[in-house]
Amino acid sequence: MNENKPAKIVLREIVDSVYRNAWEAKERGEPVGWSSSKFPAEIAETLGLAVCYPENQAAAIAAKHGGQRMCEHAEAMGFSNDICAYARISLAYADGAPCEEKPMPQPDFLLCCNNICNCMTKWYESIARMHGIPLIMIDVPFNNTVDVPDERIAYVRAQFDAAVKKLEAISGRKWDEKKFEEVCANANRSASAWLKACSYCATKPSPLSGFDLFNHMADIVTARCKPETAAAFEQLAAEYEKSVKDGESTWRYDENHRIMFEGIPCWPELGTLFKPLKENGTNTVAVVYAPAFGFVYDGLDELARAYCRAPNSVCIEAGVAWREDLCRENGVDGILVHYNRSCKPWSGYMLEMERRWHAKLGVPVVGFDGDQADPRNFSEAQYRTRVEGLVELMRAQSKGAHAGGPPRAAASNAANEREENAR
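Cut-off values and rules
Residues numbered from 1 in each chain as written. Predicted model: local features only at pLDDT ≥ 70, side-chain atom pairs only at ≥ 80, totals over all residues. Heavy atoms only, no water. Pairing = 2+ DSSP bridges. Helix = DSSP H or I, 4+ residues; strand = E, 2+ residues; numbered from the N terminus. Axes fitted to C-alpha atoms, helices over the stretch in contact; angles between N-to-C directions. Polar contact = N/O pair within 3.5 Å; in protein donor to acceptor, adjacent residues only side chain to side chain. Contact = heavy atoms within 4.5 Å. Core = buried A, V, L, I, M, F, W, Y, C linked by side-chain atoms within 4.5 Å. Buried < 20%, exposed > 50% of the residue type's maximum accessible area, 1.4 Å probe, protein only. Domains from an automatic or database assignment. Buried area = accessible area lost by both parts, 1.4 Å probe. Salt bridge = Lys/Arg side-chain N within 4 Å of Asp/Glu carboxyl O. pLDDT = per-residue confidence, 0-100.

Strand order in the open sheet formed by four strands is S6-S5-S7-S8, with parallel pairing between adjacent strands. Among the strands making up the open sheet, the edge pair consists of strand S6 (282-287) and strand S8 (365-370). Each strand of the sheet is rotated relative to its neighbour by a mean of 30 degrees, with strand direction disregarded. Pairing of strand S5 (residues 257-262) with S6 involves five bridges; the strand directions are parallel. Residue pairing for S6: Arg-258 is matched across the bridge by Asn-283.

Here it is in structure tokens:
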């Protein structure tokens, strides 16, 4: 553990070093890549390639209130404002739009994996054409079953092998199996420590807020294969463990209610999201987005299986089960859903998820409209109203439970039966 700096500072410095190293590589004349967040980072790391992450850059630009300017630049280029705001920000930056919020070197090659969305495929294809550079694409088919079939793993694994050959040519280096094993060990260590840190949200009261995890996510995206990242996440988990023992928390408000925040946060409006929650003593103790980047595996086949389990590439049964387990383990009283205009694959099945949560968890669920990076698609008034509505529902449910009413799930099922009978 770093005794001199808190983990949050160490983690911030690691992300800064990723971008600094990319600039230094560019200055030395070495190729620098841009990669989607769910591309197997272990391959480029093994070959010593400097890589930046446009999703992380777009989130940082948005959080620093530059997202609308960049989106408008992309729209002036002819890209629709209906596509993902991350994509618009990245396309604008690739076009040379001025950006002081989070500059990074322009790419010499691109790494893309469509286990996030199909918009990402077209986004990276557009940048490849703009710069005339190679695009290495890995196709991960959508999983219609809970388990990932072995033939799908073989299909994805073959693409991993092809990507290695292409990146050997780009880097001018040969694949080193021992180095790969070291990189995977670092990634697994980072993932294990990250998941352990996330798990402390289940403690009552929680030593942290889920919003803390949003702030620390950059490292698990941009630097999960580095030993210093693993050490920093282990330090973070140790700090949370100490907070539990000392009765301390980064959430310095009442914890009258515990909720799950579903989806990607609105990066330009993090303060706005946080304010009505703290005012109503409502701590976010479960988030889906953060632990989605924590996966542990053994070897290339299991690595392929792990990358087949991104949130947007699994069937609804797997997605619902994952969230329900998280809600039960972390003892949530309600769920706040972000209907994210930028991420249609994620938000598209939320209504069905809400229906299942009502039936199986028996907790109130409220949604609000927003966007992960474009502030024009967010209404503070609507958001505040929805949070206040959720708090009222949780209070009413808590009073009913104290008065000896039926368990939450039973009450919800009874309401569903009444609705069915009315039909």
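The next point concerns the side chain of Arg-224. Note that Arg-224 resides in the loop between helix H9 (210-222) and helix H10 (227-246). Only 3.3 Å separates the side chain of Arg-224 from the backbone oxygen of Phe-39, close enough to count as a polar contact. When neighbours within four sequence positions are excluded, Arg-224 is seen to be in contact with Ser-37, Phe-39, Ala-41, Asn-186, Ala-187, Ser-190, Asp-219, Thr-229, Phe-295 and Tyr-307.

Take unusual backbone geometry next. Backbone torsion omega between Lys-204 and Pro-205 reads -10 degrees, so that peptide bond is classified as cis. Structurally, the position occupied by Pro-205 is in the loop between helix H8 (177-199) and H9. In this structure, His-65 takes a positive phi of about 70 degrees despite not being glycine. Within the element layout of this structure, His-65 appears in the loop between helix H3 (54-63) and helix H4 (67-77).

Take the nonpolar core next. Formed by 140 residues in total, the largest nonpolar core has its most connected members in Tyr-86 and Trp-357. The biggest single contributor to this core is helix H1 (residues 7-27), with nine residues. Counting contributing residues per domain, this core is built from domain 1 (7-170) and domain 2 (252-422), each supplying no fewer than three. Ignoring anything within four residues of it in the chain, the contact list for Tyr-86 reads Glu-55, Ala-58, Ala-59, Trp-123, Ile-264, Trp-267, Tyr-289, Gln-372 and Ala-373.

Within the open sheet, the four strands sit side by side as S2-S1-S3-S4. Their pairing is parallel. Taken across any chain shown, the strands that pair with only one partner, and hence form the sheet edges, are strand S2 (50-52) and strand S4 (135-138). Here the average twist between neighbouring strands, direction ignored, is 25 degrees. Taken together, the three bridges between strand S1 (residues 32-35) and S2 define a ladder with parallel strand orientation. Note on S2: the bridge partner recorded for Val-32 is Ala-50. Taken strand by strand, helix H6 (residues 118-131) contacts S1, strand S3 (109-113) and S4, and its axis lies near 170 degrees from that of S3.

Quite often, the size of an interface is put as the accessible area lost when its parts meet. As far as domains go, the protein chain holds domain 1 (7-170) and domain 2 (252-422). For domain 1 versus domain 2, the distance between C-alpha centres works out to 28 Å. Residue-level contacts link 40 residues of domain 1 with 34 residues of domain 2. In this assembly, domain 1 packs against domain 2 so that about 3100 Å² is buried in total across both faces, 57% of it on carbon and sulfur atoms. Broken down residue by residue, the surface that domain 1 buries against domain 2 is led by Lys-38, Tyr-86 and Ile-153, which jointly contribute 19%. Summed over the shared surface of domain 1 and domain 2, the number is six salt bridges. In this structure, the salt-bridge partner of Asp-301 is Arg-157, at a minimum N-O distance of 2.9 Å. If you look at where domain 1 meets domain 2, you find 12 residue pairs in polar contact (both at pLDDT 80 or more). Every element with two or more residues in the side of domain 1 that touches domain 2 is listed here: helix H2 (41-46), H3, H4, helix H5 (85-94) and helix H7 (150-171). The biggest single contributor to the side of domain 1 that touches domain 2 is H7, with seven residues.

With that out of the way, let us pick up the pattern of salt bridges. Enumeration according to the criterion identifies 28 salt bridges in this entry. Taking the shortest distance from any N to any O, the salt bridge between Lys-122 and Glu-125 comes out at 3.2 Å. With Lys-122 and Glu-125 both in helix H6 and three residues apart, the pair spans about one turn of that helix. Note that Arg-328 and Glu-324 form a salt bridge whose closest N and O atoms lie 3.9 Å from each other. Pair noted here: Arg-328 and Glu-324 are both in helix H13 (residues 316-330), with a separation of four residues, about one helical turn.

The next thing to look at is the environment of Ala-232. Position of Ala-232 relative to the elements: it lies in helix H10. Separated by 225 residues in sequence, Ala-232 and Ala-7 place their C-alpha atoms 5.8 Å apart. Other than its neighbours up to four places away in sequence, Ala-232 contacts Ala-7, Val-10, Leu-11 and Ile-14.

A separate point is the confidence of the model for the protein chain. Summing up the model confidence of the protein chain, the mean pLDDT is 90 and the portion of residues at 70 or higher is 94%. This model gives residues 405-423 a pLDDT under 50, and the stretch forms 17 contacts once residues within four places in sequence are excluded.

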